[in-house]
Amino acid sequence: MAKAKTAYVCGECGGEAPKWQGQCPHCSAWNTLSEIRIDATGASAGNRYASAPAGLAATGAMKSLSEIEARDTPRIASTIEEFDRVLGGGFVPGGVVLIGGDPGIGKSTLLLQALAGLSARARVLYVTGEESAEQVALRAQRLGLTAPGMKLLPEINLERIQTALVTEAPLVAVVDSIQTLYSDALTAAPGSVSQVRECAAQLTRIAKQSGITIVLVGHVTKEGTIAGPRVLEHIVDTVLYFEGDTHSSFRLVRAFKNRFGAVNELGVFAMTDRGLKGVSNPSALFLSQHDQDVPGSAVLVTQEGTRPLLVEIQALVDDAHAPNPRRLSVGLEQNRLAMLLAVLHRHVGVACYDQDVFINAVGGVKIAEPAADLAVLLAIVSSLKGKPLPRGLVVFGEVGLAGEIRPAPRGQERLREAAKLGFTQALIPKGNLPKIAIPGIEAIAVERAAEALARFR
Ligand code: TYD
Ligand code: MG
């Protein structure tokens, strides 16, 4: 018998090493390598297309690009419009979708609703490893879902799930969650990197072979990634993350990677007592309603996927009582805040070195685009001076290290959305100034950070 081969894989970055080391050679994290077995047949993790049929397989005869008939991938609409939007139009046959998010954010609820909707038209299977069948049935009852066609399988053994998938041949199957599964082929505990990787790879192989769409639920580690960032993300076709504040009722589902659609597309839901409801016009959700003008608040128009979204950026600047002032940001990038404070000092002449600075994007939304910079700067200065910004003002624009304001993509759409919601003034980069004025909103174009802040001092 051939000797079973092993390799060591990093739980942080998914990189492999031939032997155990204290430090990962790829990402330099400490104590993250764990042993995995490599199947001698090559059918496991590294080689998931090994026995996939032609057409789905990664290997095949060489052809010239023009010979290949390109078709649009057919879509299976999930019956939930906001969910279809993030998926890029619906599920793709044979596609594997990973949905991550904090516990209790609504992953199981959303998938149960989607499957119940689909079950009217097709065979669907819900594999539950976390909750018992009774718990799932109870939830479906509470949600008012009647889905007599939906099959439920409480199971955590990968091989038995594979058999069920082959015999039942559903159109869409949900596995809740990937961390509870174990394969007989491995001795590691469920939830360990090697089990999660092997189970995901095997399920992906089945999906590609049989054309079943498989949705994997993944738990997020405390660093905010699914069992280490790269471990699963490169195996599956689509990675979606649930975002949002569990204390508020709004939930965002964001496409992080999508082989069949646009990334950063956003689906917006409200959690109600009857499950998740799509919010089709979410642009004003992330504005808090102040009765009076308050200092430290600026309204940003951000562009998430194909939709503009208005988000209130709040800043609090207060005297620091420790030698190292605190810089804290929620929903925005921390390093970017440090950079903006440096720009503020050097190019605008406003110093915050003896001040604690806190910034927050309202509603638990995460903003990664640099076009938020100008709103952050305005909010900080407004809080520092104790002077509210004018009502009806929206802002967007990236701030460069030289103190310049750079244009943001899709400026006109942002302006139009702000005008639609009743905003009357917009502070924008010069490059975004529309040739024809947008009715209802006055655009104030600026080129430098100092110029922008001087207007509201
Ligand atoms: P759940 O889908 O179980 O989360 P996950 O699978 O991501 O861990 O969501 C559970 C939460 O949602 C729970 O805190 C209760 C809340 N909830 C509602 O508010 N309304 C509902 O109709 C349902 C089913 C759940
Ligand atoms: Mg769950």
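The structure reproduced in this document is the subject of the present report. (Residues numbered from 1 in each chain as written. Chains lettered and ligands numbered in written order. Predicted model: local features only at pLDDT ≥ 70, side-chain atom pairs only at ≥ 80, totals over all residues. Heavy atoms only, no water.)

Overview of empty space enclosed by the protein
Overall, the coordinates contain five cavities of 30 Å³ or more when judged by the stated rule. Approximately 100 Å³ is the volume found for the largest cavity. In terms of lining, the largest cavity is formed by 13 residues, of which the most central are L332, E333, R336, A372 and D373. For the lining of the largest cavity, the elements supplying multiple residues, two or more each, are α7 (334-348) and α8 (373-385). Top element by residues in the lining of the largest cavity is α7. It accounts for three residues. By residue class, the composition of the lining of the largest cavity is nine nonpolar, no polar and four charged. By volume, the second largest cavity amounts to about 70 Å³. If you go around the second largest cavity, the residues you meet are L378, V381, S382, K385, K387, P388, L389, L453, F456 and R457. With four residues, α8 is the largest single contributor of residues to the lining of the second largest cavity. (1 Å grid on protein atoms, 1.4 Å probe; cavity = no way out; pocket = protein on both sides within 12 Å on 5 of 7 lines; lining within 4 Å. Points joined across faces, edges and corners; volume = space filled by probe spheres on them. Helix = DSSP H or I, 4+ residues; strand = E, 2+ residues; numbered from the N terminus. Nonpolar A, V, L, I, M, F, W, Y, C, P; charged D, E, K, R; others polar.)

Observations concerning the nonpolar core
Within the largest apolar cluster, 64 residues are counted, with the highest numbers of intra-cluster contacts made by I313, L344, I380, V394 and L427. Take this core: its biggest share by element is eight residues, from α8. Dropping the residues within four chain positions of it, I313 is found in contact with G296, S297, A298, L300, L332, N360, A361, I367, A375, V376 and A379. (Core = buried A, V, L, I, M, F, W, Y, C linked by side-chain atoms within 4.5 Å. Buried < 20%, exposed > 50% of the residue type's maximum accessible area, 1.4 Å probe, protein only. Contact = heavy atoms within 4.5 Å.)

Examining unusual backbone geometry
Residue S177 is reached from D176 by a cis peptide bond, and omega for that bond is 0°. Checked against the element boundaries, S177 lands in the loop between β7 (172-176) and α5 (193-210). Unusually for a residue other than glycine, S28 sits at a positive phi of about 65°. Mapped onto the elements of the fold, S28 is located in the loop between β2 (16-17) and β3 (33-38). In this structure, T79 takes a positive phi of about 70° despite not being glycine. Mapped onto the fold, T79 is located in the loop between β3 and α1 (81-87).

Topic: the side chain of T180
Inspection of the secondary structure puts T180 in the loop between β7 and α5. Taking the relative accessible area as the measure of exposure, T180 reaches 17% and is therefore buried. Within the local environment of T180, its side chain forms a polar contact with the backbone oxygen of S177, the two atoms lying 2.7 Å apart. Among all residues touching T180, those that are not within four sequence positions of it are G129, E130, I156 and P190. (Polar contact = N/O pair within 3.5 Å; in protein donor to acceptor, adjacent residues only side chain to side chain.)

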